[in-house]
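Observations on the model geometry
Here is what each chain is made of, one letter per residue.
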Amino acid sequence: MKKIELSFADQLFNLNEIVDFTQKHKSSLDEVLGKEEIYQDSLGWLDIDEWAGEAALKRIQDKAKEVQNVANVFVLIGVGGSNQAARAVISALPQEKAPEILYAGNNLSADYMNKLLKSLDGKSVYINAIAKNFETLEPGLCFRVLRQYLEKRYGSEAAGRIAVTGTKGSSLYQLALDNGYTFFTFPENIGGRYSALCDVGLFPMAVAGLDISQLVQGAKEMRARLLTEPAEENIAFHYAAYRNLLQLKDYRLEMLSFFEPRFQYFSKWWTQLFAESEGKDGKGVYPVAGNFSEDLHSIGQFVQEGRRMIFETFLDVSEKDTSLLIERDDKKDYFDYLEGKDLWTINKIAFQATFDAHLKGGIPCSKLTIPKLDEYYFGQLFYLFMFACYLSGKLLEVNPFDQGGVENYKKNMFQALGK
Ligand code: PA5
């Protein structure tokens, strides 16, 4: 299998700094590999077999087949870490022979919910509510609404159309026990944004027809790589070191840029991972996504000529997996210069042109080359970024696993709602 590679443009950045930095902070990598005592309750994702071993995958796959046999629409209820990883892969790799996947519990819009309920009419529905802390308002409330919808439509058979993913002993667990819902485990020792490789992310992916064994295999091979690559060559450490070095030089914002819209929801997963893990104690690099070429026509101006505080990490897929030839046209639209060219190639040319222009405009640019867009490499990407985020947070001297700051608005909201 070809490897994911990370390369840095050296015009604005001395690459030796990365090697020096990784040597100087080698102990951080050793600590991450050694499963630090202080983060024991958050490191369940580090050893993939703990929650995505053979038995777990088989149970998920068996249940997913059952769901596929009864349902033509599957509603994934969850917010933040509870739905982002699954949505990232499901939207990137849609499968023909799978139920339609809809999302709920990720906003509080009555309009959205009404439209969603209406769209379920006449379809065979199955729902999966995912919540680690079953106090989060969005998934909790939407689960109630959808549960009641199923009860009205299916009566006593509604329970057979509900799976919940929660922590053992939680009120969601109790609800499942009391009502006969299928229960999946949200591991105590995994936080939402690190939950791609357990029941949380894998069950919806399997229902959507994705090959979760390949995804887990990809993650395992990335893990093996990260465990063996020495600090000075370690891809996750290079990435973590690079972004920490740049933030020391006052770069405040990292843009994950891509010319493949299939990365749209992956970039949301990545944004959450780094924003919640690092944005604390007055520190952190603000993560944003650049969905190009569309966003070049909006934020592109700022990136090129605005305040110099951005660095950019480009995602590039090397395999040509699709093609569209531009045909001859008799009408005068002045696009004849593209005749005979492949849209795939045109997109690549736009990618390189943007990379070079941004670099020239003073944006430090790096490129993550992904050999192919499939389950295996999504597994690799999940593990690579989670590992790098843990390392990066450590280098920044923040706790990469908590998110106390998100409680503030909740306190106000719960008070106003009379909780
Ligand atoms: O990463 C995290 O821990 C959070 O983003 C959570 O996933 C998110 O807030 C949803 O939490 P819960 O699953 O408890 O509803």
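Residues numbered from 1 in each chain as written. Predicted model: local features only at pLDDT ≥ 70, side-chain atom pairs only at ≥ 80, totals over all residues. Heavy atoms only, no water.

What about the overall build of the chain?
Of the regular secondary structure elements, the chain holds 16 helices and ten strands. In terms of overall size, the chain behaves like a compact globule, its C-alpha atoms giving a radius of gyration of 22 Å where 419 residues would be expected to give roughly 22 Å. Expressed as lengths along the three principal axes of its C-alpha atoms, the size of the chain is roughly 65 × 65 × 45 Å. Relative to its 419 residues, the chain shows a buried fraction of 53%. Considering only residue pairs separated by 6 or more positions, the chain has 78% of its internal contacts joining residues 24 or more positions apart. Of the charged side chains in the chain, 47 are positive and 57 negative; the average position of the first set lies 4 Å away from that of the second. (Helix = DSSP H or I, 4+ residues; strand = E, 2+ residues; numbered from the N terminus. Rg over C-alpha atoms; globule rule 2.2 N^0.38 Å. Buried < 20%, exposed > 50% of the residue type's maximum accessible area, 1.4 Å probe, protein only. Contact = heavy atoms within 4.5 Å. Lys, Arg positive; Asp, Glu negative; His and termini not counted. Charge placed at Lys NZ, Arg CZ, Asp CG, Glu CD.)

Re the pattern of salt bridges
Overall, the coordinates contain 24 salt bridges when judged by the stated rule. Close ionic contact of Glu31 with Lys394 constitutes a salt bridge, the shortest N to O distance being 2.5 Å. Within this pair, whereas Glu31 is found in helix H2 (residues 26-33), its partner Lys394 is found in helix H15 (residues 375-396), the two being separated by 363 residues in sequence. Looking at Lys394, the relative accessible area reads 15%, which means it is buried. For Asp316, the salt bridge identified is with Lys367, shortest N-O distance 3.9 Å. Of this pair, Asp316 sits in strand S9 (residues 310-317) while Lys367 sits in strand S10 (residues 365-370); the two residues are 51 residues apart in sequence, bridging distant segments of the chain. (Salt bridge = Lys/Arg side-chain N within 4 Å of Asp/Glu carboxyl O.)

Observations regarding the sheet that holds S10
In space, the five strands of this open sheet follow the order S1-S10-S9-S7-S8, with mixed pairing throughout. Unpaired on one side and paired on the other, strand S1 (5-8) and strand S8 (286-291) mark the two borders of the sheet. Between one strand and the next, the sheet's axes are offset by a mean angle of 20°, whatever the strand orientation. Inspection of the sheet shows S1 paired to S10 by four bridges, in the antiparallel sense. Across the sheet, Phe8 pairs through a bridge with Ser366, a residue of S10. In the packing of helix H14 (residues 343-360) onto the sheet, the strands contacted are S9 and S10, and the crossing angle to S9 comes to about 160°. (Pairing = 2+ DSSP bridges. Axes fitted to C-alpha atoms, helices over the stretch in contact; angles between N-to-C directions.)

Some thoughts on the layout of surface pockets
For the largest pocket, the calculated volume is near 1000 Å³. Along the walls of the largest pocket sit 39 residues, with Gln272, Glu276, Gln403, Val406 and Lys410 positioned nearest its centre. Those elements that provide at least two residues to the lining of the largest pocket are helix H7 (137-154), helix H12 (264-278) and helix H16 (407-417). Here the lining of the largest pocket gets five residues from one element, more than from any other, and that element is H12. Its residues assigned to classes, the lining of the largest pocket comprises eleven nonpolar, 17 polar and eleven charged. Two domains each put at least three residues into the lining of the largest pocket: domain 1 (5-34 + 215-404) and domain 2 (49-210). Within this model, the second largest pocket holds a volume of roughly 420 Å³. As for the second largest pocket, its lining consists of 22 residues, and the residues nearest its centre are Phe259, Glu260, Leu343, Trp344 and Asn347. (1 Å grid on protein atoms, 1.4 Å probe; cavity = no way out; pocket = protein on both sides within 12 Å on 5 of 7 lines; lining within 4 Å. Points joined across faces, edges and corners; volume = space filled by probe spheres on them. Nonpolar A, V, L, I, M, F, W, Y, C, P; charged D, E, K, R; others polar. Domains from an automatic or database assignment.)

Quick look at the site of the ligand
Taken together, 13 residues form the shell around the ligand, and within it Ser82, Lys132, Asn133, Thr136 and Gln272 come nearest. In this structure, an oxygen atom belonging to the ligand sits 3.0 Å away from a main-chain N or O atom of Gly81. In the complex, the protein chains occlude 88% of the 380 Å² of accessible area that the ligand would expose alone. Comparing atom positions with the cavity grids shows the ligand to sit within the largest pocket. Looking at the shell around the ligand residue by residue, the classes come out as three nonpolar, seven polar and three charged. Taken domain by domain, the shell around the ligand gets at least three of its residues from each of domain 1 (5-34 + 215-404) and domain 2 (49-210). (Near = heavy atom within 4 Å. Polar contact = N/O pair within 3.5 Å; in protein donor to acceptor, adjacent residues only side chain to side chain. Areas by Shrake-Rupley, 256 points an atom, 1.4 Å probe, with all protein chains shown as cover. Sits in = over half its atoms within 2 Å of the grid points.)

Comments concerning the state of the cysteines
Applying the stated criterion to the full structure yields zero disulfides. Left unpaired, Cys389 is separated from the closest cysteine sulfur, that of Cys198, by 16 Å. Look at Cys389 and you get buried, because its relative accessible area is 0%. (Disulfide = S-S within 2.5 Å.)

Focus: a negative patch on the surface
Together, Asp329, Asp333, Asp336 and Glu339 line one region of the surface with negative charge. Tracing the backbone through its elements, the reader meets Asp336 in the loop between S9 and H14. Judged by relative accessible area, which is 45%, Asp336 ranks as partly exposed. (Patch = residues over 30% accessible without salt bridge, like charges linked within 9 Å, V, L, I, M, F, W, Y side chains within 5 Å.)

Examining H7
Helix length check: H7, at 18 residues, gives a terminal C-alpha distance of 25 Å against a target of 26 Å (1.5 Å per residue), a fit within 8%. Within H7, the full set of buried residues consists of Leu137, Glu138, Pro139, Gly140, Cys142, Phe143, Leu146, Arg147, Tyr149, Leu150 and Tyr154. Of the residues flanking the end of H7, it is Gly155, one or two places downstream, whose phi is positive at about 55°. (Expected span 1.5 Å × (residues − 1).)

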